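Read off the chains here:
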Amino acid sequence: MTNTASHQQRPITVIGATGKTGWRVVERLQQLGLPVRAASRTSEVAFDWTDRSTWPPALAGAGAAYVTYQPDLIVPRSADDMTAFVAVARDAGIDRLVLMSGRGEPEAKTCEDIVLTSGVPSTVLRCSWFAQNFSEAFLADGVNEGAVVLPVGGVGEPFLDADDIADAAVEALTGDGHDGRVYELTGPRLLTFAEATAEIGRELGRDIAFIQVGLDEYRAGMAEAGVPDEYAEMVMALFGTLFDGRNSRMASGVRELLGRDAVDFGDVVKKAVAQGVWS
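Definitions and cut-offs
Residues numbered from 1 in each chain as written. Predicted model: local features only at pLDDT ≥ 70, side-chain atom pairs only at ≥ 80, totals over all residues. Heavy atoms only, no water. Buried < 20%, exposed > 50% of the residue type's maximum accessible area, 1.4 Å probe, protein only. Helix = DSSP H or I, 4+ residues; strand = E, 2+ residues; numbered from the N terminus. Pairing = 2+ DSSP bridges. Right-handed = clockwise from strand over helix to strand, strands pointing away. Expected span 1.5 Å × (residues − 1). Contact = heavy atoms within 4.5 Å. Core = buried A, V, L, I, M, F, W, Y, C linked by side-chain atoms within 4.5 Å.

Engineer: An account of the pairing of strand β6 (residues 122–127) is needed here, citing residue identities and associated values.
Structural biologist: Buried residues dominate β6, accounting for six of its six residues. The pairing of strand β5 (residues 97–102) with β6 spans six bridges and is classified as parallel. From the neighbouring strand, Leu-99 faces β6, where its bridge partner is Val-124. Handedness of the crossover joining β5 and β6 through helix α4 (residues 106–116) is recorded here as right-handed. As judged from the four bridges shared by β6 and strand β8 (residues 182–185), these two strands associate in the parallel manner.

Engineer: Which residues make up helix α3 (residues 78–92), and what are the values?
Structural biologist: Its 15 residues give α3 an end-to-end C-alpha distance of 21 Å, which sits within 8% of 21 Å, the value for a rise of 1.5 Å per residue. Here α3 has its buried residues at Ser-78, Asp-81, Met-82, Ala-84, Phe-85, Val-86, Val-88 and Ala-89. Those residues of α3 that are buried lie in contact with β1 (12–15), α2 (55–59), β4 (64–67), β5 and α4. Downstream of α3 by one or two residues, Gly-93 has phi in the positive range, about 80°.

Engineer: So what about the nonpolar core? Which residues, and what values?
Structural biologist: Counting residues in hydrophobic clusters, the biggest one holds 61 residues, and the most contacted among them are Met-82, Phe-85 and Leu-97. Setting aside chain neighbours within four positions, we find Leu-97 in contact with Ala-65, Val-67, Phe-85, Val-86, Ala-89, Val-115, Val-120, Pro-121, Ser-122 and Thr-123. Counting residues in hydrophobic clusters, the runner-up holds 27 residues, among them Val-14, Ile-165, Leu-173 and Leu-257.

Next comes the structure, spelled out in structure tokens:
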């Protein structure tokens with residue numbers, strides 16, 4: 001049960017407020033009538049993980065913070081950044097941190113431990129691959145062009161609705177009993193990337209191919225497309241690490257936090273099609 005009393009006076013800072021989960025968290029907190037401070041590189045309140053001078057103003061006077069890391073916790077500098085960030089959070093008097101983490105990433109686990117042992121009451125949301133990566137991120141172009149190309153084989157992934165993450169984040173930020181907890185959030189069934197692509201195609205009424213390539217070929221394709229090196233290396237680390245079967249299982253974090261089942265990938269796809277997300 002949500003108890004918002006402790007956060008009605010001080011704002012909740014949302015780090016990464018323009019990201020796939022961040023804007024959803026901002027919207028939900030506003031709907032609850034809670035004071036929200038949206039912070040990102042492009043928000044009125046600036047926050048940039050590469051510019052530590054932006055961190056204290058974004059947290060000053062806030063009671064809690066939802067934390068997403070850019071580009072991803074899998075990058076080598078994340079642990080150093082997270083150590084510095086929690087020190088700033090302590091100095092700012094933050095009394096609740098909610099970290100969005102990645103499933104199966106050793107670097108993310110290190111950052112989880114940093115946050116959980118920081119002395120600031122904290123909760124970790126350890127998330128599987130976003131269903132919205134097909135509609136709001138780099139896979140959307142492939143869907144529109146009729147072919148999704150990835151360096152991943154027939155491994156199953158429990159694709160997770162970003163709306164479920166946002167609902168879980170709001171509960172963790174405003175509810176009771178979540179301090180020190182790690183909630184593993186997944187969708188309700190396993191799908192390979194090929195199966196997920198085919199499901200999108202069926203809903204759209206057209207064929208969308210799934211093409212598996214090697215890591216080197218995919219890296220070369222990103223270079224040819226002008227993808228910045230840091231982003232390309234992060235993508236390569238993700239695909240070179242996560243899809244060996246380690247994440248091919250469901251978890252109960254959505255039900256534990258929200259008291260309901262996670263949203264199915266098919267429902268996310270139907271919603272995206274109804275909204276005209278894919279041209």
